[in-house]
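Here is how the chains run, residue by residue.
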Amino acid sequence: MKTKLSLAVTLISAGLLSGCSDDKASTDAATILDYIPADAPYFMASSEAMPEQEAFDLYQRMQPMASLESDLDELRDTLADTDDDVSRAMIKLLIAMGEELDGVESLDDFHALGLKASPRAALYGLGILPVLRMQLKDEEAFRETLKRLLTKAELNPRTATTNGTDYWILTPEAPVQAILVIEDQQLLMSVVPQDASDALLAQVLGSDLPDSNLGDSGALAELEQRHDFTPYGAGEVDFSRLLNELSSPTHTGTQALMDAVEAEQLDLSACQADIDRITSRFPGLVMGMREYNQNRMEMNVILETDEAIVTDLRALTTQVPGLGSTEGIASVGMGLNLPLLLQTVQKYAREVRQNPFSCNELQDLNSAWAEINVAMNNPATMMIGSALSGLRARIDSLTMIDGEPSGSGILTLASPNPMGLVTTAATFMPELGALGLEPGGDAKRIDSMMLPPETPPLYAAMSDTAIALGADISDPASLQEALQAPASEQDLLLHGHLASEFYHSLADVMEQAPADALEASDIDMFRQYGDTYKHMEYGVSVGDAGVEMNLSLELD
């Protein structure tokens, strides 16, 4: 089976989510973490490993893209229409990578390129200066691979030397340049000032290690434990450290970058109280994976907030029948107490009005809260908010009938006052108000002159807390089942899912669409999504640490 072009990007980025698998795993882990300052304003790194063969098998399974040849043909077509020199160079490099990967079908083939399938890797900041570090399988083999890529791409990067170490300069002459280094079985990439000192380059290259590093501090292990992340990759952005570094640089990398681009140092001395006020309520952003194996993975990003905000956000979530479940081939839903949201916005707007941000750089926050408050206080919000507290749209089937897309499914509308919601909806569809719906009653068919003739049969039913509308359902009684479906035990603000059947159905519909609307490769891509992913779920919820965003993939 041919390895897909996207495997190149996947394998490099996945180094942040997996580790090496040889006998030196623990030593390599400590070495990688040694390079990362304990007070780095941001980092992403892994502390344990996945065996390389398992990692390679997993990456191959997760390549639901068109064939390598189709990818290359598309890139070549794009290249012919591209005039920008930088863009052309990048496309040429991607084509060269694809051609290099054309014969890769096994882990041994991959090793022959000098690469690991599960490289030890880290992305971190020396101040604000970014550094990406990744293990190689064979340094000399990778040098030869890189030379072939550069030759095929017709690229001739400059070379330079610092402290006896050679490196490539990948970008044209400019105040800031991208560099690439191959040393000690590692690939290193960074962005440094053109006139960076040898002392700064020594820190970037790692010959001058930080006095206190991430491994010694135990911060990564604490982060994994606090958020129940796997050891295959976790990181954070510390807002306080980042803002303070921009205001009063403590690392030479920050100052050098700011000098190189002639950026004025942020004078936040008058804003310190405001900065502390913001960062105490929003400490940072953390990310990691709660599950990562051959069958399932779950990726998480958490915007950390203080306890008071967590409490307010939890109060906004509402119980929506079926929200959080994966019935049907696809679904999307949300639960939000709009009247309470309005009160909460008014509360925070009042706090900002009574205690506004004082420094000039943050005046936009004062006006933004005032504008949000005005936007929320409008008749439409008040009318909808009193009747609607959440919804869930479920798709049960998707087909093409007489050249037009058609489908079946159920829309559930949660409401503290279902009769009031019917009255509101009857303003736009009088026939709905005339049905005589009542809680627990039978589902009733909606007949309306306002609906197109090809509209499938529509039914409606009501409970004490919701209304369900069904399109082209085989059994109207299923509406009552939807109304009685349990809500998630999580405090969900948003949830959706896509099943493999959805991708296959969508591909069938696309195949019958006008020929000039879609490429065959697009249809193949969706079919391969269906073959690869049994379920895909995404959501936004309120957890103990703040607002959690997650994406989970269950492989078929």
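Small disclaimer: the values here were computed from a predicted structure and weren't measured.

S.K.: Outline the overall build of the protein chain, supporting the account with residue identities and numerical values.
M.R.: Broken down by element type, the protein chain carries 22 helices and 19 strands. By the burial criterion, 47% of the 556 residues in the protein chain qualify as buried. Long-range pairs, those at least 24 residues apart, make up 68% of the contacts in the protein chain between residues at least 6 apart in sequence. In the form shown here, the protein chain has an accessible surface area of approximately 26,700 Å², with 54% of it arising from carbon and sulfur atoms.

S.K.: So what about the pattern of salt bridges? Which residues, and what values?
M.R.: Evaluated as defined, the whole model comprises 24 salt bridges. Of the charged contacts, one joins Glu351 and Arg281 as a salt bridge, the two residues approaching to 3.9 Å between their closest N and O atoms. Taken together, the residues Glu351 in helix α15 (residues 338-354) and Arg281 in helix α13 (residues 272-281) connect sequence positions 70 residues apart. With a relative accessible area of 32%, Glu351 lands in the partly exposed category.

S.K.: Give a description of α15 that names residues and reports values.
M.R.: For α15, which comprises 17 residues, the first-to-last C-alpha distance of 24 Å matches the rise-based estimate of 24 Å (1.5 Å per residue) to within 8%. Every buried residue of α15 is accounted for by Leu338, Leu341, Leu342, Thr344, Val345, Tyr348, Ala349 and Val352. Projected down its long axis, α15 shows its buried positions confined to an angular sector of 165°, all on one face. Regarding α15, its N-cap is Asn337, as a side-chain oxygen of that residue lies 3.0 Å from the backbone nitrogen of Leu340 further along.

S.K.: Which residues make up a negative patch on the surface, and what values do they have?
M.R.: Taken together, the side chains of Glu74, Asp77, Asp81, Asp83, Asp84 and Glu519 define an acidic patch exposed on the protein surface. If you trace the backbone, Asp81 turns up in the loop between α4 (68-80) and α5 (85-101). Residue Asp81 is classed as exposed on the basis of its relative accessible area, which comes to 68%.

S.K.: Run through the side chain of Ser541, naming residues and quoting values.
M.R.: In this fold, Ser541 is placed in strand β18 (residues 533-543). Judged by relative accessible area, which is 4%, Ser541 ranks as buried. Excluding anything up to four places from it in sequence, Ser541 contacts Gln490, Asp491, Leu492, Leu493, Gly546, Val547 and Glu548.

S.K.: Just give me the short version of unusual backbone geometry, but keep the residues and values in it.
M.R.: For Gln185, which is not glycine, the phi torsion reads 60° and is therefore positive. Note that Gln185 resides in the loop between β6 (176-183) and β7 (186-193). With a phi angle near 60°, Asp228 is a residue other than glycine that sits in the positive phi range. Structurally, Asp228 is set in the loop between α10 (219-227) and β8 (234-238).

S.K.: How would you summarise the environment of Gln53 if you had to cite specific residues and measurements?
M.R.: Mapped onto the elements, Gln53 comes out in helix α3 (residues 52-61). Taking relative accessible area as the criterion, Gln53 reaches 40% and is therefore assigned partly exposed. With 53 residues separating them in the primary sequence, Gln53 and Ser106 have C-alpha atoms 9.0 Å apart.

S.K.: Give me the packing of helix α21 (residues 500-511) against helix α22 (residues 520-532): which residues, what numbers.
M.R.: Where α21 meets α22, the closest approach of the two axes is 7 Å, and the angle between their N-to-C directions is 160°. As far as their axial angle goes, α22 and α21 are roughly antiparallel. Here α21 and α22 pass one another in a crossing that is left-handed. Together, Ser500, Tyr503, His504, Leu506, Ala507, Asp508, Met510 and Glu511 of α21 and Asp522, Ile523, Phe526, Arg527, Tyr529, Gly530 and Asp531 of α22 make up the contact between the two elements.

S.K.: Before we move on, could you go through the state of the cysteines and cite the residues and values that matter?
M.R.: Counted by the stated rule, this structure contains one disulfide. Here Cys271 engages in a disulfide with Cys359; their sulfurs sit 2.0 Å apart. Disulfide Cys271 to Cys359: torsion about the S-S bond roughly 115°, handedness right-handed. You can see Cys271 sitting in the loop between α12 (252-260) and α13 and its partner Cys359 sitting in the loop between α15 and α16 (363-376), a full 88 residues away along the chain. Relative accessible area serves as the criterion here: at 0%, Cys271 is assigned to the buried category.

S.K.: Account for the confidence of the model for the protein chain, naming residues and giving values.
M.R.: On average, the protein chain scores 84 in pLDDT, and the residues at 70 or more come to 88%. pLDDT under 50 marks residues 1-30. Its contacts with residues more than four places away, or in other chains, come to 90 contacts.

S.K.: Lay out the environment of Ser190 with the relevant residues and their values.
M.R.: Along the chain, Ser190 turns up in strand β7. Overall, the relative accessible area of 4% leaves Ser190 in the buried class. For the pair Ser190 and Gly125, spaced 65 residues apart in sequence, the C-alpha to C-alpha distance is 9.8 Å. Here the side chain of Ser190 touches Pro130 through a polar contact of 2.7 Å, landing on its backbone oxygen.

S.K.: Any details on the nonpolar core? Residues and values, ideally.
M.R.: The biggest cluster of nonpolar side chains holds 33 residues, and the ones touching the most others in it are Ile36, Tyr124, Leu129, Ile179 and Val204. Ignoring any residue separated from it by four or fewer positions in sequence, one finds Ile179 in contact with Tyr167, Trp168, Ile169, Leu188, Met189, Ser190, Val192, Leu201 and Val204. Counting 23 residues, the second-largest nonpolar core is a separate cluster that includes Met289, Ile329, Leu553 and Leu555.

S.K.: Go over the pairing of strand β3 (residues 129-135) with me, naming the residues and quoting the values.
M.R.: Each regular strand carries side chains that alternate between the two faces of the sheet. Of all the seven residues making up β3, five are buried; the element is thus mostly covered by neighbouring parts of the structure. As paired strands, strand β2 (residues 121-126) and β3 are joined by six bridges and run antiparallel to one another. Residue Tyr124 lies in a different strand from β3, and its bridge partner there is Val131. Hairpin geometry of β2 and β3 is characterised by an intervening segment of two residues between the two adjacent antiparallel strands and by a positive phi of about 70° at Gly127.

S.K.: Go over the packing of aromatic side chains, please, and point to the residues and values.
M.R.: Aromatic ring pairs are described here by two measures, namely the spacing of the ring centres and the angle between the planes. Counted according to the given criterion, the structure contains eight aromatic pairs. Consider the rings of Phe56 and Phe110, whose centres lie 5.9 Å apart with planes at 45°: the pair is tilted. Residue Phe56 is located in helix α3, and its partner Phe110 is located in helix α6 (residues 107-112); the two are separated by 54 residues in the primary sequence. When sorted by exposure, Phe56 lands in the same class as Phe110, which is buried. For the pair Phe502 and Tyr503, a centre-to-centre distance of 5.9 Å together with 70° between the ring planes defines the contact as edge-to-face. Each member of the pair, Phe502 as well as Tyr503, carries the same accessibility label: buried. One aromatic cluster is present, built from ring pairs that chain together Phe502, Tyr503, Phe526, Tyr529 and Tyr533.

Reading the values: the criteria
- Residues numbered from 1 in each chain as written.
- Predicted model: local features only at pLDDT ≥ 70, side-chain atom pairs only at ≥ 80, totals over all residues.
- Heavy atoms only, no water.
- Helix = DSSP H or I, 4+ residues; strand = E, 2+ residues; numbered from the N terminus.
- Buried < 20%, exposed > 50% of the residue type's maximum accessible area, 1.4 Å probe, protein only.
- Contact = heavy atoms within 4.5 Å.
- Areas by Shrake-Rupley, 256 points an atom, 1.4 Å probe, with all protein chains shown as cover.
- Salt bridge = Lys/Arg side-chain N within 4 Å of Asp/Glu carboxyl O.
- Expected span 1.5 Å × (residues − 1).
- Arc of directions from axis to C-beta.
- Polar contact = N/O pair within 3.5 Å; in protein donor to acceptor, adjacent residues only side chain to side chain.
- Patch = residues over 30% accessible without salt bridge, like charges linked within 9 Å, V, L, I, M, F, W, Y side chains within 5 Å.
- Lys, Arg positive; Asp, Glu negative; His and termini not counted.
- Charge placed at Lys NZ, Arg CZ, Asp CG, Glu CD.
- Axes fitted to C-alpha atoms, helices over the stretch in contact; angles between N-to-C directions.
- Parallel < 35°, antiparallel > 145°, perpendicular 65-115°, else oblique.
- Left-handed = near helix turned anticlockwise from the far one by under 90°.
- Disulfide = S-S within 2.5 Å.
- pLDDT = per-residue confidence, 0-100.
- Core = buried A, V, L, I, M, F, W, Y, C linked by side-chain atoms within 4.5 Å.
- Pairing = 2+ DSSP bridges.
- Phe/Tyr/Trp six-rings, centres within 6.5 Å; stacked < 30°, edge-to-face > 60°.

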